[in-house]
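Here's the letter readout for the chains.
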Amino acid sequence: MTAPRFARPRTLDEALALLAADPEGWTPVHGGTDLLVRMRMGMAAPRGLLDLTGIPGFGDIRVEDGQVVIGAGATHAALAADERVRTHAPALARAAGLIGSPAIRNRGTLGGNLANASPAADTVPPLFVVGAEVALRGPDGVRWVPIEDFASGPGRTVRGATDLVVAVRFPAQGREVRSAFERLGTRKALAISKVSVAVAARVEADGTLREVRVALGAVAPTVIRARETEGVLEGAVWGGEVARAACDAVRREARPITDLRAGEAYRREMCGVLLERAVATIVDGSRS
Amino acid sequence: MKQLPEDLVSIRLTVNGVVRSLDVHPGETLLEVLRGRLRLTGTKRGCEVGECGACTVVLDGRAVNSCLVLAVQADGAEVLTVEGLAREGALHPLQRAFLEHGAVQCGFCTPGMLMSAHALLAQDPSPTPDAVRRAIAGNLCRCTGYQAIVDAVLAAAGEANSS
């Protein structure tokens, strides 16, 4: 593969300066698990590779001011293993642990998964339901973008040509608000999701669901919230009629297409199945 | 690391304990450098898109697909390939276990399997069978049906723990 130029800046400022000077001339790369595949397949031909792996602390995870802040360079393996992520966003830890294979998870990063903007990106539905924001840093400083506004279509985001994705944050809500993630692929490893569902909710002592959020992956041009489904579940106790109504709602809200990975009808049906699994995980977890 | 004329980049990495300095193209992968420049052809070239695991090496202690790592990104890193497993002519316990359990058939996946297993045992010396299966989930084998490989990794772990 060819790439005419390469830079491995040692600071974020240096990386941003290079990008600002020649926005079209550099393609940011970190783990390379998406970009190198696209280069190999002739779908990407960067004029220069801006390697972000040399920036110390770019993948750090910390909790500050009631927020979990994850550096864009955090690998999927790091997310899956991190106690703070597992506590405050179990759906994200689970999704990160299901991506690709161990070797992919050791290289691929959260920032890369977001910037790549696949509708099937597994980290995104969990970030939707925990109310995450994405930090874009450019020459004029940092702006935080709600995750729901970040991807604008398949492979497209609101990241400007001189911006880098530098971090993701979400409230450190502890185990009070629980979240779960379910996905379906052709097999357990190295399979892009055909459908994925993330759910977050607080479960009251009597089983009533509060602050319910549901997000769906791979069934629309971007990850989407399933607000009608959330409305059915909000203030309700899971089971029987509620479960049936919620599954009906989520199947209505999904807007899947038929492609090489799955058919439209199958995807729609599976939204209901995965919703049941995810909510059951949350409700069962609240009893333990 | 300095940028050379003709867009070559000087890198220095440690491969199987030996420091190597070489000038590489920015688009060259670690796999290409290992096989083409260093003639370490034990690491296999399979799908080249991260789906088969034949090119798995251990980079700074972690299993990676060397087809998806740019050689320039390995500057300063430590790389372990299948050639680095045997010591003074004696096979590594994992290699011996693979042979004893019939975990090698055509052999193409074997180096990658060994390196994934090696990375696993470094982090988890007493893995469960499920942990072994998860560790090799990114390594395709079209001959063995995997069971012999899982048995071999568990046997090597047991041997290391009992000695």
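Residues numbered from 1 in each chain as written. Chains lettered and ligands numbered in written order. Predicted model: local features only at pLDDT ≥ 70, side-chain atom pairs only at ≥ 80, totals over all residues.

A. How the structure looks around the overall build of chain B. Looking only at helices and strands, chain B has five helices and five strands in total. In chain B, the succession of α and β elements from N to C terminus is β-β-α-β-β-β-α-α-α-α. For chain B, whose C-alpha radius of gyration is 16 Å, the value lies close to the compact-globule estimate of 15 Å for 163 residues. On the principal axes, the C-alpha backbone points of chain B span a range of 50 × 30 × 25 Å. Buried residues in chain B amount to 49% of all 163 residues. Of all intrachain contacts in chain B linking residues separated by at least 6 positions in sequence, the fraction that spans at least 24 positions is 56%. (Helix = DSSP H or I, 4+ residues; strand = E, 2+ residues; numbered from the N terminus. Rg over C-alpha atoms; globule rule 2.2 N^0.38 Å. Buried ≥ 20, exposed ≤ 12 C-beta atoms within 10 Å, placed from the backbone. Contact = placed C-beta atoms within 7 Å.)

B. A look at the overall build of chain A. Each helix and strand in chain A was counted, giving twelve helices and 14 strands. Taken against the 2.2 N^0.38 rule, which gives 19 Å for 288 residues, the C-alpha radius of gyration of chain A at 19 Å falls within 12% of a compact globule. C-alpha atoms of chain A, sized along the principal axes, occupy 60 × 45 × 30 Å. Going through the 288 residues of chain A one by one, you find that 53% of them count as buried. Looking at chain A alone, contacts between residues at least 24 apart form 63% of all its contacts between residues at least 6 apart.

C. Quick look at the nonpolar core. Within the largest apolar cluster, 145 residues are counted, with the highest numbers of intra-cluster contacts made by Leu92, Val199, Cys271, Leu275 and Ala278 of chain A. Each residue touching Ala278 of chain A, except ones within four places of it in the same chain, is listed here: Ala180, Phe181, Glu182, Val197, Ala198 and Val199 of chain A. (Core = buried A, V, L, I, M, F, W, Y, C linked by C-beta atoms within 7 Å.)

D. Representation of the domain arrangement of chain B. Residues and elements named next belong to chain B. Entries for chain B in the domain assignment read domain 1 (5–84) and domain 2 (93–162). Inter-centroid distance (C-alpha atoms) of domain 1 to domain 2 is 22 Å. Facing 14 residues of domain 1, the contacting portion of domain 2 comprises 13 residues. Per-element tally for the side of domain 1 that touches domain 2: the top contributor is strand S3 (residues 56–59), with three residues. Broken down by class, the residue content of the side of domain 1 that touches domain 2 amounts to seven nonpolar, five polar and two charged. (Domains from an automatic or database assignment. Nonpolar A, V, L, I, M, F, W, Y, C, P; charged D, E, K, R; others polar.)

E. The arrangement of the environment of Leu30 of chain B in detail. Residues and elements named next belong to chain B. Note on placement: Leu30 falls in helix H1 (residues 30–37). Residues Leu30 and Val79 lie 49 residues apart in sequence; the distance between their C-alpha atoms is 9.6 Å. When neighbours within four sequence positions are excluded, Leu30 is seen to be in contact with Ser66, Val69, Ala71 and Ala74.

F. Examining the interface of chain B and chain A more closely. At the interface, 25 residues of chain B touch 25 residues of chain A. The element that contributes the greatest number of residues to the side of chain B that touches chain A is strand S4 (residues 62–65) of chain B, accounting for four residues.

G. Here's a closer look at the sheet that holds S3 of chain B. Residues and elements named next belong to chain B. Taking strand neighbours across the sheet as the criterion, the five strands line up as S2-S1-S5-S3-S4 in an open arrangement whose pairing is mixed. Each of the sheet's edge strands pairs with one partner strand only, and the pair in question is strand S2 (18–24) and S4. Neighbouring strand axes in the sheet, compared pairwise and without regard to direction, differ in orientation by 40° on average. Pairing of strand S1 (residues 9–15) with S2, which is carried by seven bridges, proceeds in the antiparallel orientation. Paired with Val15 across the two strands is Val18, which belongs to S2. Contacts between helix H3 (residues 110–123) and the sheet are confined to S3 and S4, with S3 contributing the most and set at about 30° to the helix. (Pairing = 2+ DSSP bridges. Axes fitted to C-alpha atoms, helices over the stretch in contact; angles between N-to-C directions.)

H. Expanded view of the packing of helix H2 (residues 93–100) of chain B against helix H5 (residues 147–162) of chain B. Residues and elements named next belong to chain B. As a packed pair, H2 and H5 sit with axes 8 Å apart at the nearest point and diverge in direction by 135°. In terms of axis orientation, H2 runs oblique to H5. The chirality of how H2 crosses H5 is right-handed. Across the interface between the two elements, Pro93, Leu94, Ala97 and Phe98 from H2 touch Ala152, Val153, Ala155, Ala156, Glu159 and Ala160 from H5. (Parallel < 35°, antiparallel > 145°, perpendicular 65-115°, else oblique. Left-handed = near helix turned anticlockwise from the far one by under 90°.)

I. Quick look at the domain arrangement of chain A. Residues and elements named next belong to chain A. When the domains of chain A are assigned, the result is domain 1 (5–51), domain 2 (61–171) and domain 3 (179–287). When each unit is reduced to the centre of its C-alpha atoms, the spacing between domain 1 and domain 2 is 19 Å. Taken residue by residue, the interface counts 13 residues in domain 1 and 17 residues in domain 2. Sort the elements by how many residues they give to the side of domain 1 that touches domain 2 and helix H1 (residues 12–21) lands first, with five residues.

J. Expanded view of unusual backbone geometry. One non-glycine residue, Ala218 of chain A, adopts positive backbone phi at about 70°. Relative to the assigned elements, Ala218 of chain A resides in the loop between strand S13 (209–217) and strand S14 (224–225). Positive phi values are uncommon outside glycine, yet Asn16 of chain B reaches one of about 50°. Of note, Asn16 of chain B is situated in the loop between S1 and S2.

K. The arrangement of the packing of H2 of chain B against H3 of chain B in detail. All names here are of chain B. Look at H2 against H3: their axes get within 10 Å of each other, and the N-to-C directions meet at 125°. The orientation of H2 relative to H3 falls into the category oblique. In this structure, H2 crosses over H3, and the sense of that crossing is right-handed. When H2 is examined against H3, the residues Leu94, Gln95 and Phe98 are found in contact with a partner set consisting of Thr110, Leu114, Ala117 and His118. Of the residues assigned to the contact of H2 with H3, the class counts are four nonpolar, three polar and no charged.

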